[in-house]
Amino acid sequence: MKILVINCGSSSLKYQLIDMENESVLCKGLCERIGINGSKITHQANGGKWSEEVDFPTHTEAFMKVVEMMTTGEGAVVKDKSEIGAIGHRVVQGAEFFTKSEIVTDAIIDKIEEIAPLAPVHNMAHVQGLRSAKAVFGADVPNVVVFDTTFHQTMPPKAYMYGVPYEMYEKYSIRRYGAHGTSHRYVSMAAIELLKKDPTFTGDAEKAKIITCHLGNGSSITAVNAGKCVDTSMGLTPLAGVLMGTRCGDIDPSVVTYMEQKLGFHGQDMADYLNKKSGLLGVSGVSSDMRDVTAAAESGNKRAQLAHDMLCYQIKKYIGAYSAAMGGLDCIVFTGGIGENDELVRKGVCEDMEYLGIKLDQEKNLRRGDEFLDMTGEGGRVKILKICTNEELMIARDTLALVTAK
């Protein structure tokens, strides 16, 4: 079966077409600036790459163009859209209503829209994508939704509740939900499989205590015990946790009210300040991109060095905390754009952690291009792995399982 995997943003549509017979990617691409002047599509297939400016008033027109690119011209990978057996959609927020992936119904779309206040930008975009997909592909092609939050639904109340009046949870569903769950699920499952095959690992891989570090423009840390999430760093929204590209991460809540007084910001203006102007960008004053921050630090920029050091320090603290919460640690996984490619961050995180059995092989840490890499140093008791995440494949697998279930 060929499955189209979709990730809709408010003005974007990312896609991959995956042949599930061998899990190969037939094509992938991005529609940008939907509903904005200068919209375009970039399509990659058959070893080539094409970009074209197209008017995309809505996601529906973007879907129609995706079908055109997949079925005609040099980038064609199927003869007709009827060859697509199902569509899998990433959805950021499922709240407590969705504990697993689901085949889409009108009622499910309505519920995703209903809980949109918990992720207003993301969920409304997903709703648009779901309705557009149904309009373009028809009712006979099943759609499946895979939620970023479902992997974190195994957290116990002591981990997901906040110390605010309980009625805030009862009335408004205020609690920790986490994010990047599809990525954390994929890499933790991959880590368990790698540990099973590793003759140097003497523990029970199925019961392994794993900390997965998804580090990118948005970053989150998750504690996984015996394959289940028991805690995660992001909270009600993706603003919590460690320092990120433009997000502040964990701060004293009174900092917000104090800054409001000093800056005259309120409501959405303050939310934008914390989400879009803080983090690596706000501290370094250079960029939200870790590569730019590192380059600036290496040239002597003290604020850039501070941003780098803050990120490594905060990740290190989460590893220590989650090791305590799980009563031990068997494995650390680095993934995401920074986790997979930034050897300096991995080095900074793992330094001075020998007391936990964490010892990094510095030569292996410098290697590039490996999808799976064991970077455990000699004498290290905790496995240190780099695993390239593949959220699209995880979504495709869930979609296949649901649409072929007896």
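Placed above this text is the structure.
Below: a short report on this structure. Bear in mind that the values here come from a model prediction, so they are computed numbers and not experimental data.

Calculation rules
- Residues numbered from 1 in each chain as written.
- Predicted model: local features only at pLDDT ≥ 70, side-chain atom pairs only at ≥ 80, totals over all residues.
- Heavy atoms only, no water.
- Helix = DSSP H or I, 4+ residues; strand = E, 2+ residues; numbered from the N terminus.
- Rg over C-alpha atoms; globule rule 2.2 N^0.38 Å.
- Buried < 20%, exposed > 50% of the residue type's maximum accessible area, 1.4 Å probe, protein only.
- Contact = heavy atoms within 4.5 Å.
- Salt bridge = Lys/Arg side-chain N within 4 Å of Asp/Glu carboxyl O.
- Arc of directions from axis to C-beta.
- Polar contact = N/O pair within 3.5 Å; in protein donor to acceptor, adjacent residues only side chain to side chain.
- Pairing = 2+ DSSP bridges.
- Axes fitted to C-alpha atoms, helices over the stretch in contact; angles between N-to-C directions.
- Core = buried A, V, L, I, M, F, W, Y, C linked by side-chain atoms within 4.5 Å.

Glancing now at the overall build of the chain. Across its full length, the chain holds 15 helices and 14 strands. At 22 Å, the chain has a C-alpha radius of gyration in line with the 22 Å of a compact globule built from 406 residues. In terms of overall dimensions, the chain has C-alpha extents of about 60 × 60 × 50 Å along its principal axes. Across the 406 residues that make up the chain, the buried fraction comes to 50%. Counted over contacts in the chain with a minimum sequence separation of 6, partners at least 24 positions apart contribute 61%.

Summed over all chains, the structure comprises 21 salt bridges. For the salt bridge of Glu102 with Lys100, the shortest nitrogen-to-oxygen distance reads 3.1 Å. Given the relative accessible area of 21%, Glu102 is considered partly exposed. Taking the shortest distance from any N to any O, the salt bridge between Arg131 and Glu113 comes out at 3.0 Å. Taken together, the positions of Arg131 in helix H3 (residues 120-137) and Glu113 in helix H2 (residues 106-114) put the pair 18 residues apart, joining distant regions of the chain.

One turn of the α-helix equals 3.6 residues, which is why residues spaced by three or four share an orientation. Considered for burial, the residues of helix H7 (residues 253-263) that qualify are Val256, Met259 and Glu260. Along the axis of H7, the buried positions cluster into a sector of 105°, meaning they face one direction only. Among the exposed residues of H7, those pointing more than 90 degrees away from its buried face are Gln261 and Lys262. Where H7 starts, the residue carrying a side-chain oxygen 2.9 Å from the main-chain nitrogen of Ser254 turns out to be Asp252. In the stretch just after H7, Gly264 is the one whose phi turns positive, near 75°.

Let us look at the environment of Thr389. Its location among the elements puts Thr389 in the loop between strand S14 (383-387) and helix H15 (391-403). Exposure remark for Thr389: the relative accessible area of 21% places this residue in the partly exposed category. For the pair Thr389 and Leu329, spaced 60 residues apart in the sequence, the C-alpha separation amounts to 21 Å. Setting aside residues no more than four positions away along its own chain, Thr389 makes contact with Ser183, Tyr186, Val187, Thr335, Gly336 and Glu340. One polar contact links Thr389 to Ser183, side chain to side chain, over a distance of 2.8 Å.

What follows concerns helix H13 (residues 343-350). Taken together, the buried positions of H13 are occupied by Val345, Arg346, Gly348, Val349 and Cys350. The elements touched by buried residues of H13 are helix H10 (290-298), helix H11 (302-326), strand S12 (331-335), helix H12 (336-341), helix H14 (362-365) and S14. The opening residue of H13 is Asp342, an N-cap whose side-chain oxygen sits 3.0 Å from the backbone nitrogen of Leu344.

On to the pairing of strand S2 (residues 13-19), then. Of all seven residues in S2, six are buried, a share of seventy percent or more. As paired elements, strand S1 (residues 2-8) and S2 share seven bridges and run antiparallel to each other. In the strand pairing of S2, Ile3 is matched with Ile18. Adjacent in sequence and paired antiparallel, S1 and S2 are bridged by four residues. Alignment of S2 against strand S3 (residues 24-32), held across seven bridges, turns out to be antiparallel. In the strand pairing of S3, Leu13 is matched with Cys31.

As summarised here, the arrangement of the eight strands in space is S5-S4-S3-S2-S1-S6-S8-S7, forming an open sheet in which the pairing is mixed. Two strands lie at the open edges of the sheet, namely strand S5 (48-53) and strand S7 (102-103), each paired on one side alone. In terms of strand pairing, S7 meets strand S8 (residues 143-147) through two bridges, oriented antiparallel. Within the sheet, the bridge partner assigned to Glu102 lies in S8 and is Val145. Contacts from helix H1 (residues 59-71) reach S1, S2, S3, strand S4 (40-45), S5 and strand S6 (84-91), with the element oriented near 35° to S2.

Attention shifts here to the nonpolar core. Judged by nonpolar contacts, the single largest core of 35 residues is most densely connected at Cys213, Ile221, Ile315, Ile319, Phe334, Val345 and Ile358. Listed by contribution, the elements that provide at least two residues to this core are strand S9 (209-214), strand S10 (220-225), H10, H11, S12 and H13. Per-element tally for this core: the top contributor is H11, with nine residues. Cys27, Phe56, Val66 and Val141 belong to the second largest nonpolar core, which has 26 residues in total.

Quick look at the sheet that holds S9 now. Pairing is mixed across the open sheet formed by six strands, whose spatial order is S11-S10-S9-S12-S14-S13. Every other strand in the sheet has two partners, leaving strand S11 (228-232) and strand S13 (372-374) as the edge strands with one partner each. Shown here is a sheet whose adjacent strand axes are inclined to one another by a mean of 25°, direction ignored. Strand direction decides the pairing type here: S13 and S14, joined by three bridges, are antiparallel. Within the sheet, the bridge partner assigned to Asp374 lies in S14 and is Leu385.

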